Amino acid sequence: MVSMMPRRVAVIGGSRIPFARSDGPYATASNQEMLGAALEGLVGRFGLTDPGAVGEFVAGAVLKHSRDFNLARETVLGSSLDPRTPAYDIQQACGTGLQAVIAVANKIAVGGVESGVAGGADTTSDAPLGVNDELRRILLAARRAKTAGARIAALSRVRPRHLVPDIPRNAEPRTGLSMGEHAAVTARAWGVLREDQDLLAATSHRRLAAAYERGFLDDLVVPFRGLERDQNLRPGSTVEKLAGLRTVYGNDGPAPTMTAGNSTPLTDGAATVLLASEEWAEARGLAPLAYLTAYETAAVDHVAGDVRGGEDGLLMAPAHAVPRMLERAGLTLDDFDLVEIHEAFASQVLATLAAWEKRGLPPVDRDRLNVAGSSLATGHPFAATGARIVATLAKLLAEREGPARGLISVCAAGGQGVTAVLERA
């Protein structure tokens, strides 16, 4: 077993709530409420209520209200965990969940803690609305005013247009393009076909449905607000049905290929994963599912880099991170039994696979790719996806006979990527 960690870090198990489409069953659920439900599932399953059971809780959200201040710590205080459990927030866009896992793993690896929980939550239904910036400046001026007359004078500048809130935009601040539009540019650069995207999407739905049917997710998903399965799951998805959908991204260019069916929808949800030292697991009689043995992060210049050539597309950082990680670990893609690539868009997965091959890595056997479905079927609550993937892959590895190894690749907004390796002895 190849490991780049000073001390082995075990993945014990995970817990998440079913993921729901935006403005659906979780429309009024807060990040804390969803994250708390996922955490309670983990606490209950592994009996983590005794004092000091968990050394640390690390979690985050991408879309946060002011009430989400100290989200991880407040979630602990509202849970059955020992209230003396330290906690802190982390955020790296869609890489948040996996970075939380890495943060906990680092503490365990060097002996800082014996166990920890990582996770994330996001709601696009309850997204924060900002005060109109002109109105904000007026209100601040009124607050700073020294006299009642000056305060009235400041407030008299309020106009009807100032009452319109700032709505969150799914756009990169430095380019103004949405993630989908960025992905469309990359899809054209790599020549990704519509038929291949639809096949990947249909396969994701079929495999997630099969995972539910065989009970694989029974101990990974806890019901919440009436949902027992991911709401986005469409077991009857086929290439033929997906082919009938209109394109929604890249329509300003030739031959657009990206539809709502081969792109992830806006989603609400939360996920957590328990990690520990081998000694902690043994003392509690818990069998590790797998071990986190390597990780790598990367970023591309999606503003001024080779964007139209495909090398620096917004979601292409894993194409750079994975080869670096494998080289450091002395591995190739042929050494992996399973590969988990976050399906932000089908086109992004296919472009990443093509980029790996261009960099000299062997092709990934599709029978090893996202074998229990992924984000196209489950949905993608931004900060929750990494924890979902880690828990899923660890259990998949544990099901196999003998040693096994799995690769995780997660792209993220801002031109970033987070990747990792899980292994089972």
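Placed above this text is the structure.
The following paragraphs examine the structure supplied in this document. Bear in mind the structure is a predicted one, so any value in this text is a computation, not a measurement.

**Some details on the overall build of the protein**
Okay, so step 1: A tally of regular secondary structure across the protein gives 13 helices and 12 strands.
Okay, so step 2: Taken over C-alpha atoms, the radius of gyration comes to 22 Å for the protein, in line with the 22 Å a tight globule of 425 residues would show.
Okay, so step 3: Principal-axis analysis of the C-alpha atoms gives the protein an extent of 80 × 60 × 40 Å.
Okay, so step 4: By residue count, 57% of the 425 residues in the protein fall in the buried class.
Okay, so step 5: The long-range fraction of contacts in the protein, counting pairs at least 24 apart against all pairs at least 6 apart in sequence, stands at 80%.
Okay, so step 6: For the protein, the exposed area adds up to about 17000 Å²; of that, 53% sits on carbon and sulfur atoms.
Okay, so step 7: A distance of 8 Å separates the average location of the 44 positive side-chain charges in the protein from that of its 48 negative side-chain charges.

**Brief notes about a nonpolar patch on the surface**
Okay, so step 1: A grouping of Val131, Leu139 and Leu155 is seen on the molecular surface, where their side chains present a nonpolar patch of about 250 Å² in accessible area.
Okay, so step 2: Relative to the helices and strands, Leu155 is located in helix H5 (residues 148–155).
Okay, so step 3: We classify Leu155 as partly exposed; its relative accessible area is 39%.

**Details of the pairing of strand S3 (residues 57–60)**
Okay, so step 1: Of the two faces of S3, both are covered, the one formed by Phe57 and Ala59 as well as the one formed by Val58 and Gly60.
Okay, so step 2: Summarising the sheet, S3 and strand S4 (residues 87–89) pair through 3 bridges and their orientation is parallel. Bridging from a neighbouring strand, Val58 pairs with Tyr88 of S4.
Okay, so step 3: As defined by bridge partners, S3 adjoins strand S5 (residues 115–122) across 4 bridges and the pair is classed as parallel. From the neighbouring strand, Gly60 faces S5, where its bridge partner is Gly120.

**Some points on helix H11 (residues 346–358)**
Okay, so step 1: Here H11 spans 19 Å end to end across 13 residues, near enough to the 18 Å set by a 1.5 Å rise per residue.
Okay, so step 2: Counting buried residues in H11 gives 10 out of 13 residues, a clear majority hidden from the surface.
Okay, so step 3: Of all the residues in H11, the buried ones are Ala346, Ser347, Gln348, Val349, Leu350, Ala351, Thr352, Leu353, Ala355 and Trp356.
Okay, so step 4: Trailing H11 by a residue or two, Gly360 shows a phi angle of about 95°, which is positive.

**Concerning the pairing of strand S9 (residues 290–299)**
Okay, so step 1: Summarising burial for S9: 7 of the 10 residues are buried, a large majority.
Okay, so step 2: Relative to S9, strand S1 (residues 9–16) runs antiparallel, the two being bridged by 3 bridges. Counted as the bridge partner of Val9 is Leu292 from S9.
Okay, so step 3: Judged from the 8 bridges that link them, S9 and strand S12 (residues 416–424) form a sheet pairing that is antiparallel. If you follow Tyr291 over to S12, its bridge partner there is Glu423.

**Section: the side chain of Arg16**
Okay, so step 1: Along the chain, Arg16 falls in strand S1.
Okay, so step 2: Residue Arg16 is classed as buried on the basis of its relative accessible area of 4%.
Okay, so step 3: Excluding anything up to four places from it in sequence, Arg16 contacts Ala38, Tyr212, Leu220, Val221, Val222, Asp230, Ala270, Ala271, Thr378 and Arg388.

**Considerations on unusual backbone geometry**
Okay, so step 1: With a phi angle near 65°, Asp23 is a residue other than glycine that sits in the positive phi range.
Okay, so step 2: The topology assignment puts Asp23 in the loop between strand S2 (20–21) and helix H1 (31–46).
Okay, so step 3: A relative accessible area of 60% means that Asp23 is categorised as exposed.
Okay, so step 4: Unlike most non-glycine residues, Arg225 shows phi in positive territory, near 50°.
Okay, so step 5: Looking at where Arg225 falls in the secondary structure, it is placed in the loop between helix H7 (194–213) and helix H8 (239–242).
Okay, so step 6: On the accessibility criterion, Arg225 (35% relative accessible area) is partly exposed.

**Brief notes about the environment of Glu311**
Okay, so step 1: Within the fold, Glu311 resides in the loop between S9 and helix H10 (317–329).
Okay, so step 2: Separated by 105 residues in the primary sequence, Glu311 and Gln416 place their C-alpha atoms 13 Å from one another.
Okay, so step 3: Ignoring any residue separated from it by four or fewer positions in sequence, one finds Glu311 in contact with Trp190, Val300, Asp306, Met316, His320, Lys358 and Arg359.
Okay, so step 4: Polar contacts involving the side chain of Glu311 include one to the side chain of Lys358, which spans 2.9 Å.

**Focus on the state of the cysteines**
Okay, so step 1: On inspection of all chains with the given rule, the structure shows 0 disulfides.
Okay, so step 2: Cysteine Cys94 is unpaired, with the sulfur of Cys411 as its nearest cysteine sulfur at 6.4 Å.
Okay, so step 3: By relative accessible area, Cys411 is classed as buried at 1%.

**Here we look at the packing of aromatic side chains**
Okay, so step 1: Inspection of every chain in the model, using the stated rule, returns 2 aromatic pairs.
Okay, so step 2: Geometrically, the ring pair formed by Tyr26 and Phe224 is edge-to-face, given 5.0 Å between the ring centres and 70° between the ring planes. You can see Tyr26 sitting in the loop between S2 and H1 and its partner Phe224 sitting in the loop between H7 and H8, a full 198 residues away along the chain. The same class applies to Tyr26 as to Phe224, namely buried.
Okay, so step 3: Between Tyr249 and Phe345 the ring centres are 5.9 Å apart and the planes differ by 90°, which places this aromatic pair in the edge-to-face class. Within this pair, whereas Tyr249 is found in strand S6 (residues 247–249), its partner Phe345 is found in the loop between strand S10 (338–341) and H11, the two being separated by 96 residues in sequence.

**A short note on helix H4 (residues 133–144)**
Okay, so step 1: Compared with the 16 Å implied by 1.5 Å per residue over 12 residues, the 17 Å span of H4 between its first and last C-alpha is a close match.
Okay, so step 2: Those residues of H4 not exposed but buried are Leu135, Ile138 and Ala142. Each buried residue of H4 sits inside an arc of 60° when the element is viewed along its axis, so together they form one side. Facing away from the buried side of H4 by more than 90 degrees, the exposed set consists of Arg137, Arg143 and Arg144.
Okay, so step 3: The secondary structure elements touched by the buried residues of H4 are H5.
Okay, so step 4: Among the residues of H4, the N-terminal cap falls to Asn132, whose side-chain oxygen and the backbone nitrogen of Glu134 are separated by 2.9 Å.

About the thresholds
- Residues numbered from 1 in each chain as written.
- Predicted model: local features only at pLDDT ≥ 70, side-chain atom pairs only at ≥ 80, totals over all residues.
- Heavy atoms only, no water.
- Helix = DSSP H or I, 4+ residues; strand = E, 2+ residues; numbered from the N terminus.
- Rg over C-alpha atoms; globule rule 2.2 N^0.38 Å.
- Buried < 20%, exposed > 50% of the residue type's maximum accessible area, 1.4 Å probe, protein only.
- Contact = heavy atoms within 4.5 Å.
- Areas by Shrake-Rupley, 256 points an atom, 1.4 Å probe, with all protein chains shown as cover.
- Lys, Arg positive; Asp, Glu negative; His and termini not counted.
- Charge placed at Lys NZ, Arg CZ, Asp CG, Glu CD.
- Patch = residues over 30% accessible without salt bridge, like charges linked within 9 Å, V, L, I, M, F, W, Y side chains within 5 Å.
- Salt bridge = Lys/Arg side-chain N within 4 Å of Asp/Glu carboxyl O.
- Pairing = 2+ DSSP bridges.
- Expected span 1.5 Å × (residues − 1).
- Polar contact = N/O pair within 3.5 Å; in protein donor to acceptor, adjacent residues only side chain to side chain.
- Disulfide = S-S within 2.5 Å.
- Phe/Tyr/Trp six-rings, centres within 6.5 Å; stacked < 30°, edge-to-face > 60°.
- Arc of directions from axis to C-beta.

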